Amino acid sequence: MNKAQLITLVSEKTNVTQKVAKVIVDTLFDGMKESLEKGDRIEIRGFGSFVVRSYGGYKGRNPKTGEIVDVPPKKLPFFKVGKELKEMVNTVAG
Amino acid sequence: MTKVDIVEAIYEKVGFSKKEVAKIVESIFDIMKESLQKEDKIKISGFGNFVIRNKRARRGRNPQTGDDIEISQRRILTFKPSQVLKAALNRKEAQP
C-alpha cells in the first residue's frame, strides 16, 4: 500500500472526500516529520513509537577507493513496534 | 508527540470537530495495521516504508540463564526512513 491508496481507504472508511482525506493524511505525516526534526519522541498507542538517535562522527573509508573520509555526526529515526501491532503482524498465517 | 497533538494539527486545517478528527486519526492507524496483516509493505513517500520481514527459526540463548532455546519463526515489522526524512533530521537548522 502506498500513500495514495491509504488516502482512498481513509476517504471510504470515514466518509470524507478524497481531497480532505489527502489533507488529513499529509498533515499527519508532516506533523510526525516536524516532530522528529525537533528531536521529539512520537508515541502512537497501539501502533508504535519513534525516537531520534544521534550518532557521533567517525573516520570511515570509501570501500571502492580505500580513501579515508570524514563521516559527519548524524541523526536517524528509529521505530519501535507497539505490542499490539507486533502481535497482530506475527499472528498472520504464512 | 502523541495522537492528541496530531489531532490538534489536523483540527486546525479542516472544519471538523476534534472528536471527528480523533476518529479519523484512529481510522488511519487502524487501516495501516490491517494492511500490514494482509500486505508486506506500506510506502509513505517523504516519510518512509513500513516493511514486514519473515524471520526463520533459529537457535538462541536465554541471556539470563545461558540455556539453549529455539527462537520460533516469526514476522516482524521494520521501518525504513525515507531519504527526505533522514535529510530533514540532519539539516543545519535542525541541529540544537
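Residues numbered from 1 in each chain as written. Chains lettered and ligands numbered in written order. Predicted model: local features only at pLDDT ≥ 70, side-chain atom pairs only at ≥ 80, totals over all residues. Heavy atoms only, no water.

1. A few points about the overall build of chain A
- What chain A contains, in helices and strands, is three helices and five strands.
- Listing the helices and strands of chain A from first to last along the sequence gives α-α-β-β-β-β-β-α.
- Oriented by its inertia axes, the alpha-carbon framework of chain A measures out at about 55 × 35 × 30 Å.
- By residue count, 39% of the 94 residues in chain A fall in the buried class.
- About 5,800 Å² of surface is accessible on chain A, with carbon and sulfur atoms providing 53% of the total.
- Averaging the coordinates of the 17 positive side-chain charges in chain A and doing the same for the 11 negative ones gives two points 4 Å apart. (Helix = DSSP H or I, 4+ residues; strand = E, 2+ residues; numbered from the N terminus. Buried < 20%, exposed > 50% of the residue type's maximum accessible area, 1.4 Å probe, protein only. Areas by Shrake-Rupley, 256 points an atom, 1.4 Å probe, with all protein chains shown as cover. Lys, Arg positive; Asp, Glu negative; His and termini not counted. Charge placed at Lys NZ, Arg CZ, Asp CG, Glu CD.)

2. Describing the packing of helix α2 (residues 18-37) of chain A against helix α2 (residues 18-38) of chain B
- In the contact formed by α2(A) and α2(B), the axes pass within 11 Å of each other and the chain directions differ by 80°. Here α2(A) is positioned roughly perpendicular relative to α2(B), judged by the angle of their axes. Only I24(B), V25(B), I28(B), F29(B) and M32(B) of α2(B) make contact with α2(A), whose side of the interface consists of I24(A), V25(A), L28(A), F29(A) and M32(A).
- Partitioned by chemical class, the residues of the contact of α2(A) with α2(B) number 10 nonpolar, no polar and no charged. (Axes fitted to C-alpha atoms, helices over the stretch in contact; angles between N-to-C directions. Parallel < 35°, antiparallel > 145°, perpendicular 65-115°, else oblique. Contact = heavy atoms within 4.5 Å. Nonpolar A, V, L, I, M, F, W, Y, C, P; charged D, E, K, R; others polar.)

3. A short note on the environment of L76(A)
- Mapped onto the secondary structure, L76(A) falls in strand β5 (residues 74-81).
- In contact with L76(A), not counting residues within four places along its chain, are V51(A), V52(A), R53(A), Y55(A), K86(B) and L89(B).

4. Some details on the sheet that holds strand β1 (residues 42-44) of chain A
Residue and element names in this part refer to chain A.
- The three strands are arranged β1-β2-β5 in an open sheet whose pairing can be described as antiparallel. If you trace the sheet from one side to the other, it starts and ends with β1 and β5, each paired once. Here the average twist between neighbouring strands, direction ignored, is 20°.
- Where strand β2 (residues 48-55) meets β5, eight bridges bridge the pair, whose relative direction is antiparallel. When the sheet's bridge partners are listed, Y55 is paired in β5 with K74. (Pairing = 2+ DSSP bridges.)

5. Some words on the pairing of strand β3 (residues 58-61) of chain A
Residue and element names in this part refer to chain A.
- The pairing of β3 with strand β4 (residues 68-71) spans four bridges and is antiparallel. Within β4, the residue paired with K59 across the bridge is D70.
- In sequence, β3 turns back onto β4 through a hairpin of six residues, with G66 there showing a positive phi of about 80°.

6. Overview of the sheet that holds strand β2 (residues 48-55) of chain B
- The sheet built from three strands is open, its strands ordered β1-β2-β5 (chain B) with antiparallel pairing. Two strands close off the open sheet at either side, each with one partner strand: β1 (41-44) and β5 (74-81) of chain B. Across this sheet, the average inter-strand angle for adjacent strands is 20°, counted without regard to direction.
- Those strands touched by helix α3 (residues 83-90) of chain A are β2 and β5 of chain B, and its axis lies near 125° from that of β5(B).

7. Regarding the side chain of T14(A)
- Summarising the element assignment, T14(A) is placed in helix α1 (residues 3-14).
- The class of T14(A) is buried, set by a relative accessible area of 17%.

8. A look at the pattern of salt bridges
All names here are of chain B.
- On inspection of all chains with the given rule, the structure shows 12 salt bridges over all chains.
- Between K18 and E8 there is a salt bridge, with its nearest N and O atoms 3.0 Å apart. Remark: E8 occurs in helix α1 (residues 3-11) and K18 occurs in helix α2; sequence separation between them is 10 residues.
- Taking the relative accessible area as the measure of exposure, E8 reaches 31% and is therefore partly exposed. (Salt bridge = Lys/Arg side-chain N within 4 Å of Asp/Glu carboxyl O.)

9. Looking at α2(A)
Residue and element names in this part refer to chain A.
- With 20 residues, α2 should cover 28 Å at 1.5 Å per step; its first-to-last C-alpha distance of 28 Å lies within 8% of that length.
- Along α2, the residues that are buried comprise A21, I24, V25, D26, T27, L28, F29, G31, M32, S35, L36 and E37.
- Immediately downstream of α2, the backbone of G39 shows phi near 85°, a positive value. (Expected span 1.5 Å × (residues − 1).)

Geometric values such as these leave the question of function open.
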